[in-house]
Amino acid sequence: MNRKKLVISLLVLAATMLVSAVAFAADASPDVAAQAAADVKKWAALGAGIAIGIAALGGGIGQGRAAAAALDGIARNPSAADKLFTPMILGLAFVESLVIFALLIAFTLATK
């Protein structure tokens, strides 16, 4: 009985795939194609805006935490300020570079 259900399920799946292929094979009018291209651009612009917003939020939080940790370390041991300053600046630059990469990707998405 189980085998019979499996065969019927596979036949229904195959029939569904064949019917949907015929339905999607129809040519679209130029107006529909232009509308679809405009929709893609709208969603790409929205995605780019959301992506850069999230990247800026994450970068800001990361830089804030890095600076707070460095200042906390300097406050606990003032003589370590010289040793903490350079790695902190490097870390902040790396975090900022990730945000700039997100900005470049957002511009690439928005201009397509």
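Residues numbered from 1 in each chain as written. Predicted model: local features only at pLDDT ≥ 70, side-chain atom pairs only at ≥ 80, totals over all residues. Heavy atoms only, no water.

1. Side note on the overall build of the chain
Rule in force here: Only runs of H or I of at least four residues qualify as helices and only runs of E of at least two qualify as strands under DSSP, and these elements are numbered from the N terminus. Exposed residues in this analysis have more than 50% of their type's maximum accessible area, buried residues have under 20%, and partly exposed residues fall in between, with area computed by a 1.4 Å probe over protein chains only. Each accessible area is a Shrake-Rupley result for a 1.4 Å probe, and residues are judged covered by the shown protein chains and nothing else.
Helix and strand counts for the chain come out as 3 helices and 0 strands. Per-residue burial for the chain yields a buried fraction of 10% across its 112 residues. Surface summary for the chain: the accessible area is close to 8900 Å², and the carbon and sulfur share equals 74%.

2. Quick notes on the pattern of salt bridges
For clarity, the threshold we go by: Salt bridge, as used here, is a side-chain nitrogen of Lys or Arg placed within 4 Å of a carboxyl oxygen of Asp or Glu.
Enumeration according to the criterion identifies 1 salt bridge in this entry. Here Arg-76 makes a salt bridge to Asp-72, at a shortest N to O gap of 3.4 Å. Highlighted residues: Arg-76 and Asp-72, both in helix H2 (residues 30–76), separated by 4 residues, approximately one helical turn. For Arg-76, a relative accessible area of 69% translates into the label exposed. Relative accessible area serves as the criterion here: at 39%, Asp-72 is assigned to the partly exposed category.

3. Quick notes on helix H3 (residues 81–110)
The condition that has to hold: Each helix should span, by expectation, one fewer than its residue count multiplied by 1.5 Å.
Its 30 residues place the ends of H3 43 Å apart at the C-alpha level, agreeing with the 44 Å of an ideal helix rising 1.5 Å per residue. Among the residues of H3, Met-88, Leu-92, Val-99, Ala-102 and Ala-106 are the ones counted as buried.

4. Regarding a nonpolar patch on the surface
Quick note on the threshold: In this scheme, patches are assembled from residues that exceed 30% relative accessible area and form no salt bridge. Like charges are connected within 9 Å, while nonpolar side chains (Val, Leu, Ile, Met, Phe, Trp, Tyr) are connected within 5 Å.
Together, Leu-6, Leu-10, Leu-13 and Met-17 give the surface a local cluster of nonpolar side chains, amounting to about 410 Å² of exposed area. Relative accessible area serves as the criterion here: at 51%, Met-17 is assigned to the exposed category.

5. Observations regarding the confidence of the model for the chain
Applied cut-off: Confidence of the predictor at the level of single residues is captured by pLDDT, which takes values from 0 to 100.
Averaged over all residues, the pLDDT of the chain is 82; the fraction at 70 or higher stands at 88%. Averaged pLDDT values for the elements of the chain fall to 75 in helix H1 (residues 2–24) and rise to 88 in H3.

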